[in-house]
Amino acid sequence: MTVTIYHNPRCSKSRQTLELLRGRGVEPTIVEYLKDPPSAKRLGELLDLLGQEPRALMRKGEAPYKDLNLADPGLSRAALIEAMAEHPILIERPIVVKGAKAALGRPPEAVLDIL
């Protein structure tokens, strides 16, 4: 079964997670999400697989989070997901997907549960 990692090569946790996968003999499909951002639909699917709501997967220290006032509790799930699709820097990383399971690699060892 294919394993996919939504990866940012500049992120140490993302690099560590990729190395952990490879160390276990898994060569994942790598999606550099800053170059090839997931659609809003795919982000919704990833959130469902993770069992999370959008803000749990958002990098709150990034400028777009503040600039777009994404902390506003009145924003809908769809609006938050759309913001992540338009500004992929907001997406926490790495996300690893295998079949109908996903895990956030923070810490990297968290992805071992889905392998």
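My aim in this report is to walk through the structure given alongside it, one point at a time. This one's a predicted model, so the numbers in the text were calculated from it and none came from an experiment.

Attention shifts here to the environment of Glu45. You can see Glu45 is positioned in helix α2 (residues 40-50). Residue classification places Glu45 among the partly exposed positions, given a relative accessible area of 32%. Considering only alpha carbons, one finds Glu45 and Lys35, 10 residues apart in sequence, at a separation of 19 Å.

Right, let's get into the sheet that holds strand β4 (residues 101-104). Two modes of strand pairing occur in sheets, parallel and antiparallel, and in both the strands are linked by backbone hydrogen bonds. One open sheet holds the 4 strands; their spatial order is β2-β1-β3-β4, and the pairing between them is mixed. With partners counted over all chains shown, the strands left at the sheet margins are β2 (29-32) and β4, one partner each. Within this sheet the neighbouring strands show an average axis-to-axis angle of 20°, counted without direction. Looking at chain direction, strand β1 (residues 3-7) and strand β3 (residues 95-98) are connected through 4 bridges and run antiparallel.

Another aspect to go through is helix α1 (residues 12-23). With 12 residues, α1 should cover 16 Å at 1.5 Å per step; its first-to-last C-alpha distance of 16 Å lies within 8% of that length. If you check which residues of α1 are buried, you get Ser14, Thr17, Leu18, Leu20 and Leu21. One side of α1 holds all its buried residues, which, seen down the axis, span an arc of 160°. Away from its buried face by more than 90 degrees, α1 exposes Glu19 and Gly23.

Now for the side chain of Ser14. Mapped onto the elements of the fold, Ser14 is located in helix α1. Not counting chain neighbours up to four residues away, the residues in contact with Ser14 comprise Ile5, Tyr6, His7, Asn8, Arg93 and Pro94.

Here we come to α2. By the burial criterion, the buried members of α2 are Leu43, Gly44, Leu46, Leu47 and Leu50. Buried positions in α2, seen along its axis, are confined to an arc of 160° and lie on one side of it. When the buried face of α2 is taken as reference, the exposed residues oriented beyond 90 degrees from it are Lys41 and Asp48. Buried-residue contacts for α2 involve β1, α4 (77-86), β3 and β4. One or two steps after α2, the chain reaches Gly51, where phi turns positive at roughly 70°.

As paired strands, β3 and β4 are joined by 4 bridges and run antiparallel to one another. Each bridged residue has a counterpart across the sheet, and for Lys98 the counterpart in β4 is Lys101. What sits between the antiparallel neighbours β3 and β4 is a turn of 2 residues, in which Gly99 has the positive phi angle 60°.

Looking now at the environment of Leu68. On the secondary structure map, Leu68 appears in the loop between α3 (63-67) and α4. Given a relative accessible area of 39%, Leu68 falls into the partly exposed group. For the pair Leu68 and Ala78, spaced 10 residues apart in sequence, the C-alpha separation works out to 14 Å. If we ignore the near neighbours within four places in the chain, the residues touching Leu68 are Ala83 and His87.

Each value, and the rule that gives it
Residues numbered from 1 in each chain as written. Predicted model: local features only at pLDDT ≥ 70, side-chain atom pairs only at ≥ 80, totals over all residues. Heavy atoms only, no water. Helix = DSSP H or I, 4+ residues; strand = E, 2+ residues; numbered from the N terminus. Buried < 20%, exposed > 50% of the residue type's maximum accessible area, 1.4 Å probe, protein only. Pairing = 2+ DSSP bridges. Axes fitted to C-alpha atoms, helices over the stretch in contact; angles between N-to-C directions. Expected span 1.5 Å × (residues − 1). Arc of directions from axis to C-beta. Contact = heavy atoms within 4.5 Å.

Remember that the coordinates give geometry; whether it matters functionally is a separate question.
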